[in-house]
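As a plain string of letters, each chain reads:
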Amino acid sequence: MDKSLEFTPPHRCYIDGAWVESDKGLRFSSIDPATGDILAEVPDLGALETQSAISAAARALSDWRSRTASERGLFLRRFGELLGDHKESLAQLLTREQGKPLLESRGEVSYAQSFLFWFAEEGARLYGDIIPSHTIDARLLVMKQAVGVCALITPWNFPYAMITRKLGAALAAGCTAVVKPAEQTPLCALALARLGEEAGIPRGVFNVVTGDAQAIGKTLMSSDIVRKVSFTGSTDVGKLLISQSAATVKKLSLELGGHAPFIVCEDADLDEAVSGAILSKFRNSGQTCVCANRFYIHESLYDSFAERFAEKISELNVGNGLLPNTHLGPLIDLAAVEKSERHVCDARDKGAKVLFGGSRDKAGGNFFQPTLLGEVEDSMQILQEETFGPIAPLVRFSSDEEVLRRANSTPYGLAAYFYSRDVGRVFQFADDLDYGMVIANSGVSSNACAPFGGVKHSGYGREGSKYGILEYVDIKYLLVGGIGS
């Protein structure tokens, strides 16, 4: 049963175990993208408050990393249990602040919880090694130690899960953290801080700063105390962070843009492929980094797939995510609507056919219709750029060689999907698709026990799984000489 909780004191952030206002009294608004209503005023912090958060994390580091992995795991498990206790309130807040349908919001709370539970146990498995020695009088050991104070910069599309996926790993490894959430979803981050506080996480271990991305980001990146930065967001910002990290030689993990192909081979189960396409494309109104962006359909199935896909799309309801039977909520802001509109117009002007939707929804504001485009060509913007909206472009192909070449013809390499019942083709495509995650015969990819991340311009490093915690440790080699002398 959900418990009622006042998640955040008004106008305050969470630094060093205390709820604090902006030193200058500055605030910005958290806005409901479905209605345009102001949900709350949030502290607009800058360099001074960010430095306070960094200092707090530094003071807390020695005690936190000296605790046993099991003890840190107990805090994370309690944290995760509190997410379950307040699941409905958290989901309602997420829908109001980010827009996704309530059913998806409930799913995200559970998804976020899964990372805290996973890393609560994974911290105890940060095993080292004993290496066979090069000499009889020495022993060679390898240890994994917490990298130190971490900056975690998270996006607005999954504000709970992207924080816990990073924070769970960091805290389990013995690091302390400063979280900078997206300016569109600060309340979700502050709700997590409130629950972390209730879970008893010691002061300074988990800090949240909201406000101007440039001022906060510059302070985090220039600090010699911050030894690790994990960022999820656009490729352009990721490249900027790489440049800014050079002066202090920070450890980075970057989960950047995607441009996922969705391939339906001639031997695919058509009904399963259509169901997977709906899941992959329209979850969160197409605003996920692993959304299918380019649908390559074998020419023998193209017409049948297009017909069935359009029929399924027509069943999707657009509306406020708090309303029952809503499948697609609003896009995050007007700029997202305009980009979707621009991609549709460009494709149509260059010869594509609008098979369903194609314009702003009658709900107005930030709502856009689920859209299906046919006869899309490589020259169209929608095949060159990530849309981050509810638009599915269909492309014909005739051979495996052709579709693999076209699927790989992008600087991005996050996720790729394909449908085939040929086991040999499954493994061949897995080898040949130049992506960090390849998903066969499913429209959903991410879970706590699997490594999430990309290649090429989609970034580097992994989150989730046993590999994710390794992003928050340094490898230390110890030689012990004089053995037996």
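Now for a quick tour of the structure. (Residues numbered from 1 in each chain as written. Predicted model: local features only at pLDDT ≥ 70, side-chain atom pairs only at ≥ 80, totals over all residues. Heavy atoms only, no water.)

1. Details of the sheet that holds strand E16 (residues 391-397)
Judged by pairing direction, the sheet is mixed, and its seven strands sit side by side in the order E14-E15-E16-E13-E12-E18-E19 without closing on themselves. Unpaired on one side and paired on the other, strand E14 (353-356) and strand E19 (437-440) mark the two borders of the sheet. Neighbour to neighbour, the strand axes of the sheet diverge by 25 degrees on average, direction disregarded. Bridging between E14 and strand E15 (residues 371-374) involves three bridges; their strand directions are antiparallel. Note on E15: the bridge partner recorded for Val-354 is Leu-373. (Pairing = 2+ DSSP bridges. Helix = DSSP H or I, 4+ residues; strand = E, 2+ residues; numbered from the N terminus. Axes fitted to C-alpha atoms, helices over the stretch in contact; angles between N-to-C directions.)

2. Details of the sheet that holds strand E6 (residues 139-146)
Across a sheet, strands are paired by hydrogen bonds formed along the backbone, either parallel or antiparallel in direction. The antiparallel open sheet is built from three strands, whose spatial order is E5-E6-E22. If you trace the sheet from one side to the other, it starts and ends with strand E5 (129-131) and strand E22 (473-480), each paired once. Pairs of neighbouring strands in the sheet enclose a mean axial angle of 25 degrees, with direction left out of account. In terms of strand pairing, E6 meets E22 through eight bridges, oriented antiparallel. The partner of Arg-139 across the bridge, within E22, is Val-480.

3. So, the nonpolar core
When a protein is soluble and globular, its nonpolar side chains tend to lie buried together. The biggest cluster of nonpolar side chains holds 81 residues, and the ones touching the most others in it are Phe-79, Leu-83, Tyr-160, Leu-167, Leu-171, Phe-206 and Tyr-472. No other element matches helix H5 (residues 159-173), which puts ten residues into this core. (Core = buried A, V, L, I, M, F, W, Y, C linked by side-chain atoms within 4.5 Å. Buried < 20%, exposed > 50% of the residue type's maximum accessible area, 1.4 Å probe, protein only.)

4. Focus on the packing of aromatic side chains
Counted according to the given criterion, the structure contains twelve aromatic pairs. Between Phe-295 and Phe-309 the ring centres are 5.5 Å apart and the planes differ by 45 degrees, which places this aromatic pair in the tilted class. Highlighted residues: Phe-295 in strand E13 (residues 292-298) and Phe-309 in helix H10 (residues 302-314), separated in sequence by 14 residues. Across this residue pair, the class does not change: Phe-295 and Phe-309 are buried. Chaining the aromatic ring pairs together yields one cluster made of Phe-262, Phe-282, Phe-295, Phe-305, Phe-309, Tyr-417 and Tyr-419. Positioned above the aromatic ring of Tyr-472, the side-chain terminus of Lys-228 is 5.0 Å from the ring centre. (Phe/Tyr/Trp six-rings, centres within 6.5 Å; stacked < 30°, edge-to-face > 60°. Lys NZ or Arg CZ within 6 Å of the ring centre and 35° of its normal.)

5. Some details on the packing of H5 against helix H6 (residues 186-198)
Their axes nearest at 9 Å, the elements H5 and H6 cross at an angle of 50 degrees. Here H5 is positioned oblique relative to H6, judged by the angle of their axes. Crossing geometry of H5 relative to H6 is assigned as right-handed. In this structure, H5 contributes Pro-159, Tyr-160, Ile-163 and Thr-164 to the contact, and H6 contributes Cys-188, Ala-189 and Leu-192. Residue composition of the contact of H5 with H6, grouped by class: six nonpolar, one polar and no charged. (Parallel < 35°, antiparallel > 145°, perpendicular 65-115°, else oblique. Left-handed = near helix turned anticlockwise from the far one by under 90°. Contact = heavy atoms within 4.5 Å. Nonpolar A, V, L, I, M, F, W, Y, C, P; charged D, E, K, R; others polar.)

6. Considering the side chain of Ser-458
With respect to the element layout, Ser-458 can be found in the loop between strand E20 (455-456) and strand E21 (459-460). A polar side-chain atom of Ser-458 sits 3.3 Å from the main-chain amide nitrogen of Leu-414. Setting aside residues up to four positions removed in sequence, Ser-458 forms contacts with Leu-254, Glu-255, Leu-256, Gly-257, Gly-258, Tyr-412, Gly-413 and Leu-414. (Polar contact = N/O pair within 3.5 Å; in protein donor to acceptor, adjacent residues only side chain to side chain.)

7. Some remarks on the packing of helix H9 (residues 270-282) against H10
H10 packs onto H9 with a crossing angle of 50 degrees between their chain directions and a minimal axis gap of 10 Å. The angle between H9 and H10 falls in the class oblique. For the pair H9 and H10, the sense of crossing is right-handed. Contacts between H9 and H10 involve Leu-270, Asp-271, Ala-273, Val-274, Ala-277, Ile-278 and Phe-282 from the former and Ser-304, Phe-305, Arg-308, Phe-309, Lys-312 and Ile-313 from the latter.

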